[in-house]
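Given next are the chains, with one letter for each unit.
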Amino acid sequence: MDVLRRELTLFFIAMGFFTRIPMPAWVKVDGDNLNKASRYFGLVGILVGAISALVYELSLTVLPTSISIILAMIASVAVTGAFHEDGLADTADGFGGGWAVADKLKIMKDSRIGTYGAVTLLLSMILKYMLLLELALYDPELVIVALILGHCLSRVLAASIIFTDTYVSDAYASATSVSEGVSDSAGESKEKGSKSKPLAESQTSNELAILLLTGVLALWLSGLGSAILIVVSLFLVRWLLVIVFRRQIGGYTGDTLGAAQQVSELVFYMLLLASLA
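Residues numbered from 1 in each chain as written. Predicted model: local features only at pLDDT ≥ 70, side-chain atom pairs only at ≥ 80, totals over all residues. Heavy atoms only, no water.

With that out of the way, let us pick up the packing of aromatic side chains. Summed over all chains, the structure comprises 11 aromatic pairs. Taken together, a centroid distance of 6.3 Å and an interplanar angle of 80° make the contact between Phe11 and Tyr40 edge-to-face. Of the two residues, Phe11 is situated in helix H1 (residues 2–18) and Tyr40 in the loop between helix H2 (31–36) and helix H3 (41–60); the sequence distance between them amounts to 29 residues. On the basis of relative accessibility, which here comes to 17%, the residue Phe11 falls in the buried class. Centre to centre, the rings of Tyr167 and Tyr252 are 5.8 Å apart; their planes meet at 55°, and the pair counts as tilted. Of the two residues, Tyr167 sits in the loop between helix H8 (142–164) and helix H9 (170–175) while Tyr252 sits in the loop between helix H11 (227–249) and helix H12 (254–276), which places them 85 residues apart along the sequence. Accessibility expressed as a relative area gives 0% for Tyr252, which makes it buried. An aromatic cluster is built from Phe11, Phe12, Trp26 and Tyr40, whose rings are joined through pairwise contacts. Against the face of Phe18 rests Arg155, its NZ or CZ located 5.6 Å from the ring centre. (Phe/Tyr/Trp six-rings, centres within 6.5 Å; stacked < 30°, edge-to-face > 60°. Helix = DSSP H or I, 4+ residues; strand = E, 2+ residues; numbered from the N terminus. Buried < 20%, exposed > 50% of the residue type's maximum accessible area, 1.4 Å probe, protein only. Lys NZ or Arg CZ within 6 Å of the ring centre and 35° of its normal.)

See the structure below:
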């Protein structure tokens, strides 16, 4: 029972970290448990995808496919509190508006959104909608599989970066000389006020194994014939993202993990659509 309670605790921490779903009162969160909870990030992705897919399926009974897809997207954003979308926008602002690493990190911590972030977020949401709509043209039920797998595999990919790369902390920024005013992508100075996000900063081989197993089982149970192509392609996407993150800031932050999730989710939908052509 102690083992079951411990694993449930880690799952609920992962759920509370990634979603707006409240954790049970008895769950205690600390840095060590948050690191261990990364093993269940993929499972939480299945939960988020299932909620989104359920909204889509129910809406489809009374509404057109296009509207059902939008409602499904709204559901996923509402459940997660736009956690990953925020990371994508912050990453785009930081990488696009900063020159030095410390400048990029400072921009990414700002609670406001800049031009790079707004444009990237808008285009990514449009692309996600169009990809899901195209999948629905082949088979409306295929969207259900896409949503569940897309949310799962993208979180597995993003969380696996914790195992191989270095967490870039605020200490890096404070140890690096930073200009008095940091310009954002719109050319305006960003203030010192920033947001703080908890984050898993380390991952053992045990956490990684469980994380990867979740993605493999989800893909295997889906019965997709293009599973090998999807795995290889997502591995390549991960490799490219890691290269970009290392060159830009020397590692990862919570924002870049959010960006990795959003990018890999879009790539998964593209791969699924390409396999049908």
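Here we take up the environment of Val244. Mapped onto the fold, Val244 is located in helix H11. Given the relative accessible area of 38%, Val244 is considered partly exposed. When the C-alpha positions of Val244 and Phe95 are compared, they lie 9.6 Å apart, and in sequence the two are 149 residues distant.

Let us look at the UniProt feature "transmembrane region" (unreviewed entry) in the chain. Following the UniProt record, the feature "transmembrane region" (unreviewed entry) maps to residues 37–56, 63–83, 113–131, 143–163 and 208–237 here. The span residues 63–83 carries 81% helix and 0% strand; its end-to-end C-alpha distance comes to 28 Å. The straight-line gap between the two end C-alpha atoms of residues 113–131 is 25 Å; of that span, 89% is helix and 0% is strand. (UniProt positions renumbered as here; feature names shortened; annotations may be inferred.)

With that out of the way, let us pick up the nonpolar core. Looking at soluble globular proteins, one finds that nonpolar side chains tend to be buried together. Within the largest apolar cluster, 68 residues are counted, with the highest numbers of intra-cluster contacts made by Tyr56, Ile69, Leu132, Leu135, Leu147, Ile230 and Phe268. It is H8 that provides the largest number of residues to this core, a total of 14 residues. Setting aside its immediate chain neighbours within four residues, Leu147 contacts Gly49, Ser52, Ala53, Tyr56, Ala72, Leu132 and Tyr269. (Core = buried A, V, L, I, M, F, W, Y, C linked by side-chain atoms within 4.5 Å. Contact = heavy atoms within 4.5 Å.)

Here we come to the side chain of Thr80. Position of Thr80 relative to the elements: it lies in helix H4 (residues 65–80). Ignoring sequence-local partners within four residues, the contact set of Thr80 consists of Phe18, Thr19, Arg20, Val48, Glu85 and Arg155.

Two elements in contact, H8 and H11, have axes separated by 11 Å at closest approach and are oriented at 45°. One way to sum up the angle between H8 and H11 is to call them oblique. For the element pair H8 and H11, the recorded crossing hand is right-handed. Judged by residue contacts, Leu153, Leu157, Ser160, Ile161 and Thr164 of H8 engage Ile230, Leu234, Arg238, Leu241, Val242, Phe245 and Arg246 from H11. When its residues are assigned to classes, the contact of H8 with H11 shows eight nonpolar, two polar and two charged. (Axes fitted to C-alpha atoms, helices over the stretch in contact; angles between N-to-C directions. Parallel < 35°, antiparallel > 145°, perpendicular 65-115°, else oblique. Left-handed = near helix turned anticlockwise from the far one by under 90°. Nonpolar A, V, L, I, M, F, W, Y, C, P; charged D, E, K, R; others polar.)

This part is about the packing of H8 against H12. Between H8 and H12, the shortest axis-to-axis distance is 8 Å and the interhelical angle comes to 140°. The orientation of H8 relative to H12 falls into the category oblique. At the point where H8 passes H12, the crossing takes the right-handed sense. The class makeup of the residues in the contact of H8 with H12 is 15 nonpolar, five polar and two charged.

To continue, consider the pattern of salt bridges. Taken as a whole, this structure holds seven salt bridges when the rule is applied. When the shortest N-O distance is used, the salt bridge between Arg6 and Glu7 registers 3.1 Å. Arg6 sits in the partly exposed class, given a relative accessible area of 48%. Given the relative accessible area of 15%, Glu7 is considered buried. (Salt bridge = Lys/Arg side-chain N within 4 Å of Asp/Glu carboxyl O.)

To continue, consider unusual backbone geometry. Positive phi is not limited to glycine here, since Ala82 has a value of about 55°. Within the element layout of this structure, Ala82 appears in the loop between H4 and helix H5 (83–97). Owing to a relative accessible area of 23%, Ala82 belongs among the partly exposed residues under this scheme.

On the surface, Val62, Leu63, Ile67, Ile70, Leu71 and Ile74 cluster together into a nonpolar patch covering about 490 Å² of accessible area. Along the chain, Ile74 turns up in helix H4. The exposure class of Ile74 is partly exposed, given its relative accessible area of 49%. (Patch = residues over 30% accessible without salt bridge, like charges linked within 9 Å, V, L, I, M, F, W, Y side chains within 5 Å. Areas by Shrake-Rupley, 256 points an atom, 1.4 Å probe, with all protein chains shown as cover.)

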